[in-house]
Amino acid sequence: MARLTQISSNALQEKWKFKTTQELVMLALTGVLLVSFSIFLPGFFGVNNFLVLLNSIAILGILSLGMGMIIMSRGIDLSEVAVMAGSWAIVLIFVDQGTSLPLAVFASLVFALAVGAFSGAVIAFIEAPALFVTLAVSFVVYGIVFWMSPSLVHYVPQDATALRFFGSGKLMGVPMPIIIFMSCALVMHLFLSRSVPGRFLYAQGDNPWAARLTGIPLRPLIVFEYMIVALLAWIAGLVWVGTSGSVQMTVVQSPYIFDVILVVILGGVSLVGGRGHTLSIVAGCLFIGTMLNALTIMNVSSDVQNIIRGSVLLLAIVIDNFIHPRDEETARQGD
């Protein structure tokens, strides 16, 4: 066990050395976009727009932390956006029905963790494909919320100042969404690089069969991982509700989950598993957030934006497959 931990630690250090170059490229491209859009795009350079950009990056970044972690473990979670919207829609529904805000928030947290535990249990113990399990779970979450209230938009009460603070408040002049995102990124970095479960996660993503043979409790670990993703989705929902003042359930059927996947892959987290870290996700988030913000200012239609996002995602997958080819061993593992 100690030898496996040491091997995982050494592999992590090697991955860091390689990925740093890729992340620097992404950060450099982001800098080029910022300078170019500030010069040639009217309305891009301004405090208000940068605040909008940072807020959108924060929500996208928190979701991407969870997606990046689960992809590192050789999984995927397409229910993340549904959990984000559904759990906080439940809060607003309960409050509208007379439930106290703290109790409603606690109930939504339990709901989110239960959804994550259920997805993880089905994937770990029944060994169903994560792609289809989480896709089905997203529809279930959407259906539960719509059954509780047929409205597609739920508004935050005017007196719920605590909820609004996490999305629109500031702490020492810094917007709360940025503080929450950076705090989550720091905790995720420490979890992946310093904790035993984090190192087990890299071993699982690198070779799950070998990890199981060495004694790693793979099934409980998978359940734990999907609960972390659900927790991060819940935190992203907290920021989202405070920023927009409402929950729009239509986001579940939007391509937002593909933006999350796009951030993760562009940042350098490989679909093969076992590769990537927190800085990869931050770099990808800055790039995609800047690009999407500029497309919105240019009034690019949603259809064209979907084409651009889909093309960039396809390019990122091709590049990932070229950099991290699936060898015969990973093919036998059903990758």
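Residues numbered from 1 in each chain as written. Predicted model: local features only at pLDDT ≥ 70, side-chain atom pairs only at ≥ 80, totals over all residues. Heavy atoms only, no water.

1. Considerations on the overall build of the chain
Item 1. Assigned secondary structure in the chain consists of 14 helices and four strands.
Item 2. Partitioning the intrachain contacts of the chain with sequence separation of at least 6 by distance along the chain shows that 78% fall at a separation of at least 24.
Item 3. When the accessible surface of the chain is split by element, carbon and sulfur atoms take 72% of a total near 15,400 Å². (Helix = DSSP H or I, 4+ residues; strand = E, 2+ residues; numbered from the N terminus. Contact = heavy atoms within 4.5 Å. Areas by Shrake-Rupley, 256 points an atom, 1.4 Å probe, with all protein chains shown as cover.)

2. Here we look at the nonpolar core
If you look at soluble globular proteins, the nonpolar side chains tend to sit buried side by side.
Item 1. With 94 residues, the main nonpolar core has Met-67, Met-69, Trp-88, Val-247 and Ile-288 as its most contacted residues.
Item 2. Per-element tally for this core: the top contributor is helix H10 (residues 218–244), with 15 residues.
Item 3. Ala-203, Ala-211, Leu-218 and Leu-221 belong to the second largest nonpolar core, which has six residues in total. (Core = buried A, V, L, I, M, F, W, Y, C linked by side-chain atoms within 4.5 Å. Buried < 20%, exposed > 50% of the residue type's maximum accessible area, 1.4 Å probe, protein only.)

3. Some details on the layout of surface pockets
Item 1. As a volume, the second largest pocket reaches approximately 690 Å³.
Item 2. Taken together, 24 residues form the lining of the second largest pocket, with Ser-56, Trp-240, Val-251, Tyr-256 and Asp-259 sitting closest to its centre.
Item 3. For the lining of the second largest pocket, the element with the most residues is helix H2 (residues 47–72), which contributes five residues.
Item 4. For the lining of the second largest pocket, the per-class residue count stands at 10 nonpolar, 12 polar and two charged. (1 Å grid on protein atoms, 1.4 Å probe; cavity = no way out; pocket = protein on both sides within 12 Å on 5 of 7 lines; lining within 4 Å. Points joined across faces, edges and corners; volume = space filled by probe spheres on them. Nonpolar A, V, L, I, M, F, W, Y, C, P; charged D, E, K, R; others polar.)

4. Considerations on helix H12 (residues 278–297)
Item 1. For H12, with 20 residues, the first-to-last C-alpha span of 29 Å sits near the 28 Å given by 1.5 Å per residue.
Item 2. A large share of H12 lies buried, amounting to 16 of its 20 residues.
Item 3. Looking one or two places after H12, you find Asn-299, whose phi comes out positive at around 55°. (Expected span 1.5 Å × (residues − 1).)

5. Things to note about the packing of aromatic side chains
Item 1. Tallied over the entire structure, the rule returns four aromatic pairs.
Item 2. Look at Tyr-142 and Phe-146: their rings are 6.3 Å apart centre to centre, the planes differ by 5°, and that puts the pair in the stacked class. Of this pair, Tyr-142 and Phe-146 both sit in helix H5 (residues 130–148), separated by four residues, roughly a single helical turn.
Item 3. According to the relative accessible area criterion, Tyr-142 is buried, its value standing at 18%.
Item 4. The exposure class assigned to Phe-146 is partly exposed, which follows from its relative accessible area of 38%. (Phe/Tyr/Trp six-rings, centres within 6.5 Å; stacked < 30°, edge-to-face > 60°.)

6. A look at the pattern of salt bridges
Item 1. Applying the stated rule across the entire model yields one salt bridge.
Item 2. Here Arg-219 ties to Glu-127 by a salt bridge, and the two come within 3.0 Å at their closest N and O atoms. With a gap of 92 residues between them, Arg-219 in helix H10 and Glu-127 in the loop between helix H4 (101–126) and H5 connect regions that are remote in the sequence.
Item 3. Under the relative-accessibility criterion, Arg-219 is labelled partly exposed at 29%. (Salt bridge = Lys/Arg side-chain N within 4 Å of Asp/Glu carboxyl O.)

7. A word on the side chain of His-154
Item 1. Mapped onto the secondary structure, His-154 falls in strand E1 (residues 153–155).
Item 2. Those residues within four positions of His-154 in sequence are excluded, and the remaining contacts are Ala-89, Leu-92, Ile-93, Val-145, Ser-149, Ser-246, Val-247 and Met-249.

8. Remarks on the packing of H4 against H5
Item 1. The N-to-C vectors of H4 and H5 enclose an angle of 150°; their axes lie 10 Å apart at closest approach. Here H5 runs roughly antiparallel to H4, going by the angle between their axes. Pair H4 / H5 crosses with right-handed handedness. Of the residues in H5, those touching H4 at Phe-111, Val-115, Phe-118, Ser-119, Val-122 and Ile-123 are Ala-130, Val-133, Thr-134, Val-137, Val-141 and Ile-144.
Item 2. Grouping the amino acids of the contact of H4 with H5 by side-chain chemistry returns 10 nonpolar, two polar and no charged. (Axes fitted to C-alpha atoms, helices over the stretch in contact; angles between N-to-C directions. Parallel < 35°, antiparallel > 145°, perpendicular 65-115°, else oblique. Left-handed = near helix turned anticlockwise from the far one by under 90°.)

9. Digging into unusual backbone geometry
Item 1. Not every positive phi belongs to a glycine, and Arg-74 is a case in point at roughly 70°.
Item 2. Assignment of secondary structure puts Arg-74 in the loop between H2 and helix H3 (80–96).
Item 3. Residue classification places Arg-74 among the buried positions, given a relative accessible area of 19%.
Item 4. Here the phi dihedral of Glu-127 falls at roughly 60°; this positive angle occurs in a residue that is not glycine.

10. Quick notes on the packing of helix H7 (residues 176–194) against H10
Item 1. Two elements in contact, H7 and H10, have axes whose closest approach is 10 Å; the angle formed by their N-to-C orientations is 170°. The pairing of H7 with H10 is recorded here as roughly antiparallel in orientation. Here H7 contributes Pro-177, Ile-180, Cys-184, Met-188 and Phe-191 to the contact with H10, which in turn contributes Phe-224, Ile-228, Leu-232, Ile-235, Val-239 and Thr-243.
Item 2. The residue makeup of the contact of H7 with H10, split by class, is 10 nonpolar, one polar and no charged.

11. So, the confidence of the model for the chain
Item 1. Considering every residue of the chain, the mean pLDDT works out to 83; 89% of them sit at 70 or more.
Item 2. Predicted confidence for residues 14–20 stays below pLDDT 50, and this span has 10 contacts to residues more than four positions away or in other chains.
Item 3. Here residues 328–335 is a poorly scored stretch, pLDDT under 50, and it has 11 contacts once near neighbours within four places are set aside; other chains count. (pLDDT = per-residue confidence, 0-100.)

12. A look at the environment of Arg-199
Item 1. Relative to the helices and strands, Arg-199 is located in helix H8 (residues 196–206).
Item 2. For the pair formed by Arg-199 and Gly-274, sequence separation is 75 residues and the distance between their alpha carbons is 9.7 Å.
Item 3. In this structure the side chain of Arg-199 is engaged in a polar contact, spanning 3.3 Å, whose partner is the backbone oxygen of Ser-193. (Polar contact = N/O pair within 3.5 Å; in protein donor to acceptor, adjacent residues only side chain to side chain.)

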